[in-house]
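A structural walkthrough
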Amino acid sequence: MESYDVVVAGGGHNGLIVAAYLAKAGLKVCVVERQDKAGGGVVTKEVTVPGFKHDICSVVHGSIQANPLIHADELGLMSKYGLKYIVPDIQMAFVFHDDSALIVYRDIGKTCESIKQFSEHDAEAYPKFCDYSRQVIRAGQVAYFSAPPPFGRMVSFLDASEMGREFYRVIMSSGLDIAEEWFESGQMIASLTRWVCENLYGPRDKGSGNYINSFPFFHARGMGIPVGGAGTLSEALIACIKDYGGTVKVSTSVKAIKVEGEEAKGVVLDTGEEIMADKAVVSNLNIKQLFLDMIEPEHLPEGFTEKVRRIKQGNISVMLQVLALNEAPKYKAGGDTNSASNLLIVPSTEELLRELDDCYYGIPGALSPSVFCNSLYDSTRAPEGKHTLYIYHLEPYDLRGGGATRWDEVRQEVADHILETVRGHTTNLGDDNIIGRWISSPLDFYRYNPAWIKGDYNHFPLTVTQSYGNRPLPGWSNLRTPVKKLYICGPSAHPGGGVWGAGRATALVMMEDFDIDFRKVVSKP
Ligand SMILES: Cc1cc2nc3c(=O)[nH]c(=O)nc-3n(C[C@H](O)[C@H](O)[C@H](O)COP(=O)(O)OP(=O)(O)OC[C@H]3O[C@@H](n4cnc5c(N)ncnc54)[C@H](O)[C@@H]3O)c2cc1C
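Cut-offs and rules
Residues numbered from 1 in each chain as written. Predicted model: local features only at pLDDT ≥ 70, side-chain atom pairs only at ≥ 80, totals over all residues. Heavy atoms only, no water. Helix = DSSP H or I, 4+ residues; strand = E, 2+ residues; numbered from the N terminus. Contact = heavy atoms within 4.5 Å. Expected span 1.5 Å × (residues − 1). Buried < 20%, exposed > 50% of the residue type's maximum accessible area, 1.4 Å probe, protein only. Salt bridge = Lys/Arg side-chain N within 4 Å of Asp/Glu carboxyl O. Axes fitted to C-alpha atoms, helices over the stretch in contact; angles between N-to-C directions. Left-handed = near helix turned anticlockwise from the far one by under 90°. Nonpolar A, V, L, I, M, F, W, Y, C, P; charged D, E, K, R; others polar. Near = heavy atom within 4 Å. Polar contact = N/O pair within 3.5 Å; in protein donor to acceptor, adjacent residues only side chain to side chain. Pairing = 2+ DSSP bridges. Phe/Tyr/Trp six-rings, centres within 6.5 Å; stacked < 30°, edge-to-face > 60°.

On to the environment of Val509. Structurally, the position occupied by Val509 is in helix α16 (residues 503-513). Sequence separation of Val509 and Ser146 is 363 residues, and the distance between their C-alpha atoms is 7.9 Å. In this view, Val509 contacts Ala147, Asn478, Leu479, Arg480 and Tyr487; residues no more than four positions away in its chain are not counted.

This is the structure:
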């Protein structure tokens, strides 16, 4: 029987990160991944035509730029294992129904010039808003790369200062509430609320207010495009794990966690084989998979499974289509939109709110695609002169009149509507420009990764009652679980989904429990 110090169930980027830190600390680690390629939401594949490298989930890596894993290169991913990010000057373009466009540059002043075409007031307010957001975030002192405190402790800390109370107010508000406090033009309010939707929020959802605070990040570290595709992050992590003697098993599915007495002892595979873990098991899976399907309730405190079961799911998921192109899209808006790798099509706020409401009722939409053309900045993505396009749209998981399985009937039709919306804003996206196309529906995403229950890559919505010290459950935000030697990482834990590299926090907690000095580990060359 195989035996390691630590076994990680699920090889998404977070599972790989935990394993890489622990391997660097000298532990014998094994990551167990069901797909034929590790990375989960951080993979790049040639799914259309050979030579075109498409990100089939995450496409830009923003939050992780603030993680010491990247900016301090704690594991040598950049210096030793080939990871490289490009941070473009044009961070994002918002294109409106009349083909006017608001461009967000790394430079705040240049961004204000773009805002000015819609409102002098908003152009003046924008730098103040950025400054305010930074202060609010600083006052919140929310840990993103280490475990958050219990929610009550966080609130009493916040209540002790003016800006702390402001942070609390913002996280209890919706994105729309905050946008309307600061700005007057329809374009600015719609852009900010559209941005909030990127995190699978409805703009009126309470709790989405804090996501608006991420906007000034464009002017700080900025959004990074991984050279060679999102998957290069996972590949660098795998190289790091292997370099330190660790193992990454693919095409290997975990069926259960082996628990004896009160302790996790290893994992049981679909084949019935067992892989033993002397020190710990880490789950990069959905908390519902873990505690409802993989561990018998007798090993859990009374009432625990009930609390897991009542975690609220939403109905917002995502449809993705990637295209291999002869040439990059040309936008009717012209100017810098043609150099924007990252472009959001923005309907009016009212239309956006209605579209998100439709998600709750299971009605697909096509009004507000996100469009990424990373090959504009990274020529390794496609054969010379050619381009890759990525079109993403929020969609309901369960469809009215048939549930999620209806996606197999309507996938093509909905994807075509979304493509038509993008075509309406471009001049050269006819069939003659498209060499290949690949589509993934919300149901396809669940099939790809059963941790994304209801197609939700955040696992479950980031409402305040399910965020910070309340994630995954009140009292369990410290990344440990009621089963001894069983830890969690990934979207079920704070700060939720997205490429944050939050697995670092789990590695920190585990090293604390194992009496290993984290600082010494990361300062080793
Ligand atoms: C279309 C799309 C676009 C996105 N765009 C962005 C973006 O641009 N920027 C951003 O920051 N985020 C984005 N995200 C979100 C982001 O990709 C995820 O939230 C993030 O990758 C989650 O990382 P993780 O490592 O914690 O978990 P996951 O990536 O979910 O990894 C979990 C792993 O566990 C494996 N697994 C599941 N069940 C088992 C089992 N029984 N046995 C073994 N292995 C199992 C899965 O195959 C998977 O590899 C996007 C997601 C999608 C779907």
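So, next bit.
So, on to helix α8 (residues 186-197). For α8, spanning 12 residues, the distance from its first C-alpha to its last is 17 Å, which sits close to the expected 16 Å at 1.5 Å a residue. Buried residues dominate α8, accounting for 10 of its 12 residues. Burial in α8 covers these residues: Met188, Ile189, Ala190, Ser191, Leu192, Thr193, Arg194, Trp195, Val196 and Cys197.

Before going further, it helps to examine the pattern of salt bridges. Counted by the stated rule, this structure contains 32 salt bridges. A salt bridge links Glu262 to Lys484; the shortest N-O distance between them is 2.9 Å. Of this pair, Glu262 sits in the loop between β10 (254-260) and β11 (263-269) while Lys484 sits in the loop between α15 (442-448) and β18 (486-488); the two residues are 222 residues apart in sequence, bridging distant segments of the chain. On the accessibility criterion, Glu262 (53% relative accessible area) is exposed. Accessibility expressed as a relative area gives 47% for Lys484, which makes it partly exposed. Between Arg447 and Asp408 there is a salt bridge; the shortest N-O distance is 2.7 Å. Note that Arg447 is positioned in helix α15 and Asp408 in helix α14 (residues 407-424), a separation of 39 residues in sequence. Judged by its relative accessible area of 41%, Arg447 is partly exposed.

On to the packing of helix α1 (residues 13-24) against α16, then. For the pair α1 and α16, the least separation of the axes is 8 Å and the interaxial angle reads 40°. Regarding α1 and α16, the two cross each other, and that crossing is right-handed. When α1 is examined against α16, the residues Asn14, Ile17, Val18, Tyr21 and Leu22 are found in contact with a partner set consisting of Gly503, Arg504, Thr506, Ala507, Met510 and Met511. Residue classes in the contact of α1 with α16 are distributed as seven nonpolar, three polar and one charged.

Take the site of the ligand next. The immediate surroundings of the ligand are formed by 37 residues, with Asn14, Glu33, Gly41, Gly498 and Val499 found nearest. Within the contact set of the ligand, a nitrogen atom lies 3.2 Å away from a backbone nitrogen or oxygen of Arg34. A distance of 3.1 Å separates an oxygen atom of the ligand from a polar side-chain atom of Asn284. Those elements that provide at least two residues to the shell around the ligand are α1 and β16 (387-396).

Of all 10 residues making up strand β13 (residues 316-325), 10 are buried, and the element is well covered by its neighbours. Residues Ile316, Val318, Leu320, Val322 and Ala324 point to one face of β13 and Ser317, Met319, Gln321, Leu323 and Leu325 to the other, with burial holding for every one of them. With 10 bridges joining them, β13 and β16 adopt antiparallel strand pairing. Bridged to Val318 within β16 is Leu394. Pairing of β13 with strand β17 (residues 434-440) involves six bridges; the strand directions are antiparallel. In the strand pairing of β17, Gln321 is matched with Ile439.

An order of β7-β6-β14-β15-β16-β13-β17 is seen for the seven strands of this open sheet, with the pairing classed as mixed. Of all strands in the sheet, those bounded by a partner on one side alone are β7 (101-105) and β17. The sheet shows a mean angle of 20° between the axes of neighbouring strands, direction not considered. Across the sheet, α8 is in contact with β6 (90-96), β7, β14 (342-346), β15 (370-372) and β16; its angle to β14 comes to roughly 115°. This element, helix α13 (residues 349-360), spans β13 and β16 of the sheet and lies at about 65° to β16.

This paragraph deals with the pairing of β6. With seven of seven residues buried, β6 is to be regarded as a mostly interior element. The antiparallel pairing of β6 with β7 creates a hairpin that spans four residues between the two strands, and Asp99 there sits at a positive phi of about 65°.

What follows is about the packing of aromatic side chains. Counted by the stated rule, this structure contains 23 aromatic pairs. Residues Phe304 and Trp476 carry aromatic rings whose centres are separated by 6.1 Å and whose planes lie at 90° to one another, so their mutual orientation is edge-to-face. Within this pair, whereas Phe304 is found in helix α12 (residues 304-309), its partner Trp476 is found in the loop between α15 and β18, the two being separated by 172 residues in sequence. Judged by relative accessible area, which is 27%, Trp476 ranks as partly exposed.

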